[in-house]
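Read off the chains here:
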Amino acid sequence: MSAVWRTARASMRRRRFQTAVIALVVMFSSGTVVAALALLAASSGPFDRVFAEQQGAHLTATFDPAAASDAQLESTADLDCVAEAAGPFGQLATTLAVDDDAAVEFPATIAGRDDPAGPVDRLDLWEGRWAAAEGEIVLNTAPADPGDPGAPLPVGATVRAGDGTVLTVVGHAYSFGQTADAWVTADQLEAMGPTAVQMLYRLDDHDTAADVEAGLDAVTAAVPAGSLTGAQSYLALKERISAELGIFVVLLTVFGVLGLAVAVLIVANVVSGAVVSGLRHIGVLKAIGFTPRQVVWVYLTMVSLPALVGAAIGTVLGHFLAAGAMSETFREAGLGNPVVSPWADAAAFVGMPLLVLLAALAPAMRAHRLSAAEAISAGSAPRSGRGLRAHRWLSGTPLPRSVSLGLGLPFARPGRTALTATAVALGVTTATFTAGLAAFATEIDGLIQRHEAAQIEVVGGPGGPSGATGLGDQETQDLLASLPGASEVTANLRMPVTAAGFVQSAELWFIRGESSRMGFTDQLVDGRWMDGPGEAVASSKTVHENDLAIGDDVTLELGGRTATVTIVGVVMGSGTGTVYADWSTLTDLTADVDGLGHPISYEVRLEDGTDPQEYLTALTGAGLTGQSTRQSDAVSIAVVGLATMFALMLGTVAALGVFNTVALNARERRRDLGMLKSIGMTPRQVVTMMVTSMASLGVIGGLIGIALGVVAHREILRLAAAASQIDMPASALATWNAPQLALLALAGLAIAIAGAYLPARRAARLTIAEVLHSE
Amino acid sequence: MNDATQPPPVLVSMDGLRKEYGDTAALDGVSLQIRRGEAVAVMGPSGSGKSTMLNMIAGLDRPTAGAVTVDGKDLNGLNETGRALFRRRTISMIFQFFNLLDDLTVLDNVALAAQLTGVRAQQARQRALELLDELGIADRRDLYPAALSGGERQRAAVARALVNRPALLLADEPTGALDSHAGEQVMDLLIDLNQIGQTLLIVTHDPNLAQRCASRIVEFADGRIVGERTLERTP
């Protein structure tokens, strides 16, 4: 065994370059594998993961403190349907103005909590500390870098509440369930005068809107009549997150799988190439008396040691890179801070060296079988006679000779060429995916947010932030329409309603105003938008789940009253049971809209050229608070950022594959290179020849990669949409255009050139004297 | 027109050439001149420095000290690209093991050297074909090197070496891998080339080759020139 070890060590020293290439490729591949596995784990059910981590509230209810005592509210925690409860917490809907810049003012619901932990809504206090005394406030913000635009106010800043109270920011915490915009101590809130009291519940049964509604009914029955002023189900949040992230999760999963495939492919290529290029050495070892088994061990040791070193470094680097990137992405999206599973680290650290062994085993076993003379002969040069016709044809073309020689090189090693081209193709597939994802994300953001159709959203009515103004529904809408810059105002009220024949209760959006101009028409996948009373539009998931079709009548029932609507269109949407209907349907179902206790959301379409910030300022001046609808594309930005990181990693791994192929080719063709230089081939011509040999693969791999990327992107979107029962409008899938595809075609070329350049330079500097004078 | 009484101009000039590999001096102060039209054979035991000297003249390696001038060009002043262009325009080499590209036909191997200088494929092939014809292997032009005999391969290598009309042809053991018959053919070819004015520098162990082909023999030992004699070539 010591002879094996000594020989392997000497061989590694002699082939330092190749040993370094193996270590480098395994390092990058291990890093990619860690990132890919971590991504796969984190992408699995992100909402449920973070919601469970924070013990999120299934139901957030607000009460009138004058109508229900704290003791009465606390007793609701003992209800059969309630698993856990937190509160009562005082709540105040107000505004917060940045103290040193009075022009910056934002609406805020402040809750009085002495502790960020508790049985429900365990807050992620990610910066600073919790409020411990009067005059201190903690802001609810998704974790972000302090330098980012839109980052929260720094710790130490002061804000002035609507009642004039000056508060110092002492920390930033994040409530995934968005139970409040900021927190102060219970005493501080008491001093500011709460307008409501908040209770947070986790329910035993909470899967459907009806379950949550049943929980709310039980709570309502347990407190004095009329004391409930508002309620919010976690399902609305879940629906929004799912709509924004659902498809992305599938695409990120594909990225993870692609990462694994490219890493495995490149490692197999590099390692088997290393053994094949060592066949001559194997022959020599056999000739001097090494047994076949010893030869196999020498080669396995030679590739395993650098692989182990590479895997160890790559796992550590991949761990930190993945942790950093995922943390940023998921936290930007408000989806917590996923950790890189130790299993991902272990799989990379153990799996990659095993893969290396496996990849080396096949050619090593071939070496085991070959006689010494056969091995020396097989390892001396690529088998001649391959691609001769191509060489002959290329010789006669008017191309510069260095280019035509380069174009012929890939034919000498068809297996290696195919593996390298496949790696480039997968790299380009990833780039194509990323580009498609970015375009898709932009399109989907626009469709979901509808910010082209409505720029401002104001939540009013009972329980909403604007409820404190005391304005009624119609008065609020009139006020919004009267402010400068308002072009059109629509109102919508969302609530669960029993629908005959539905497997679950329907989530109705009752819309008042010109709903056809609210941006929903862009989401249509079938039929048309409703244009009057008695008509309704359903989300595609609702249609699939309830086996509906356009033209079907649906009977809605609320509090014993019924109304029938006809489905006239289907829109993209993941909302379970989501149905859009005219406001008149709501008034058919109830005579007392205010009495329903559900907030009303107003959407304001601004006149062209109006600055949304100016409108928001005017809104604050009128005693109302609102927000821009263009706020939540952080998810897609973060997802695209992560995808870009992956594309770069996989592009690098693919380029390393090219690097290795050129290095092996140059090593095997040392004699030819020496001869070419001896007859006057300049270093630049050598570089051109070697780079051209891979550029052709880059072009071919690039074209295949684009085709694969486009087809896979569309098909996977279609499959993902079908699996989620979401249909998508054609505009969401038509994400490609000719200039974009032309640019992507260059990605393959870029990978090939980037990978080939350094070993080509090395080949150009080859010392030729000794390779020419003897054989 | 050269004056017949004047000696031909110097083509290669080495002055105090020294090459060290670590502590070992492969060349130790070699000075030598080769005139146009000469056929010089360099002989000596293995490791005497003759191949190292060939590398210096071909611009394949750089001396530790001393100067090499070929056709008026000081090789020490040339960078790698300059040396490549020098090899392309001024010299050519033939080797013991031919060094033909296995993937190219005989015709394309010969044309390759011309194509690298920018000559169009058709023109390069035409010139290559003429040379193959002159060397008697035109009928082998479409074969690959593996299908040729050793002598034919070396003729193809000579054709490739001549395609750019070099001022100096360097031959490193040109008959070392050939049987005696093929070796004789190659010797005849070299003699013919020299007789039409081609300057030759032949590195060889073979006294017969040196005697037949060279007009001057330079003997090497331990990196130094230890002897030199002029020959009357046997017809």
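Residues numbered from 1 in each chain as written. Chains lettered and ligands numbered in written order. Predicted model: local features only at pLDDT ≥ 70, side-chain atom pairs only at ≥ 80, totals over all residues. Heavy atoms only, no water.

Peer 1: Is there a simple way to explain the sheet that holds strand S4 (residues 65-70) of chain B in this structure?
Peer 2: Picture the strands of a sheet paired through backbone hydrogen bonds; they go either parallel or antiparallel. Residue and element names in this part refer to chain B. Overall, antiparallel pairing links the four strands, which are arranged S2-S1-S4-S5 in an open sheet. Each edge of the sheet is formed by a strand with only one pairing partner; in this case those strands are strand S2 (24-35) and strand S5 (73-74). Relative to S2, strand S1 (residues 10-21) is paired through nine bridges, and the arrangement is antiparallel. Each bridged residue has a counterpart across the sheet, and for Leu17 the counterpart in S2 is Val30. (Pairing = 2+ DSSP bridges. Helix = DSSP H or I, 4+ residues; strand = E, 2+ residues; numbered from the N terminus.)

Peer 1: Would you take a moment to explain a positive patch on the surface for this structure?
Peer 2: All names here are of chain A. Taken together, the side chains of Arg14, Arg667, Arg670, Arg761, Arg762 and Arg765 present a region of like positive charge at the surface. Take Arg761: it is sitting in helix H23 (residues 738-764). According to the relative accessible area criterion, Arg761 is partly exposed, its value standing at 34%. (Patch = residues over 30% accessible without salt bridge, like charges linked within 9 Å, V, L, I, M, F, W, Y side chains within 5 Å. Areas by Shrake-Rupley, 256 points an atom, 1.4 Å probe, with all protein chains shown as cover. Salt bridge = Lys/Arg side-chain N within 4 Å of Asp/Glu carboxyl O. Lys, Arg positive; Asp, Glu negative; His and termini not counted. Charge placed at Lys NZ, Arg CZ, Asp CG, Glu CD. Buried < 20%, exposed > 50% of the residue type's maximum accessible area, 1.4 Å probe, protein only.)

Peer 1: Even after reading the chapter, I still don't get the pairing of strand S8 (residues 199-203) of chain B, so can you show me in this structure?
Peer 2: The side chains of a regular strand alternate between both faces of the sheet. All names here are of chain B. Counting buried residues in S8 gives five out of five residues, a clear majority hidden from the surface. Across the two faces of S8 the burial is the same, with Thr199, Leu201 and Val203 and Leu200 and Ile202 all buried. Bridge analysis of strand S3 (residues 39-43) against S8 gives four bridges, and the strand direction is parallel. What sits directly across from Val40, in S8, is Leu201. Pairing geometry for strand S7 (residues 168-172) and S8, over five bridges, is parallel.

Peer 1: Help me understand the packing of aromatic side chains, please; the structure alone is not making it clear to me.
Peer 2: For any pair of aromatic rings, the description rests on two quantities: the centre-to-centre distance and the angle between the ring planes. Residue and element names in this part refer to chain A. By the definition in use, this model includes six aromatic pairs over all chains. A ring pair is formed by Trp529 and Tyr580, whose centres lie 5.7 Å apart and whose planes are at 55°; its orientation type is tilted. Taken together, the residues span a long stretch of sequence, with Trp529 in the loop between strand S14 (524-527) and strand S15 (535-539) and Tyr580 in strand S18 (residues 578-582) at a distance of 51 residues. Across the pair, exposure class does not vary: Trp529 and Tyr580 are buried alike. The rings of Trp509, Phe520, Trp529 and Tyr580 are connected pair by pair, giving a single aromatic cluster. One cation-aromatic arrangement involves Arg494 over Trp509; the distance from NZ or CZ to the ring centre is 3.9 Å. Lying across the ring of Trp583, Arg512 places its NZ or CZ 4.4 Å from the centre. (Phe/Tyr/Trp six-rings, centres within 6.5 Å; stacked < 30°, edge-to-face > 60°. Lys NZ or Arg CZ within 6 Å of the ring centre and 35° of its normal.)

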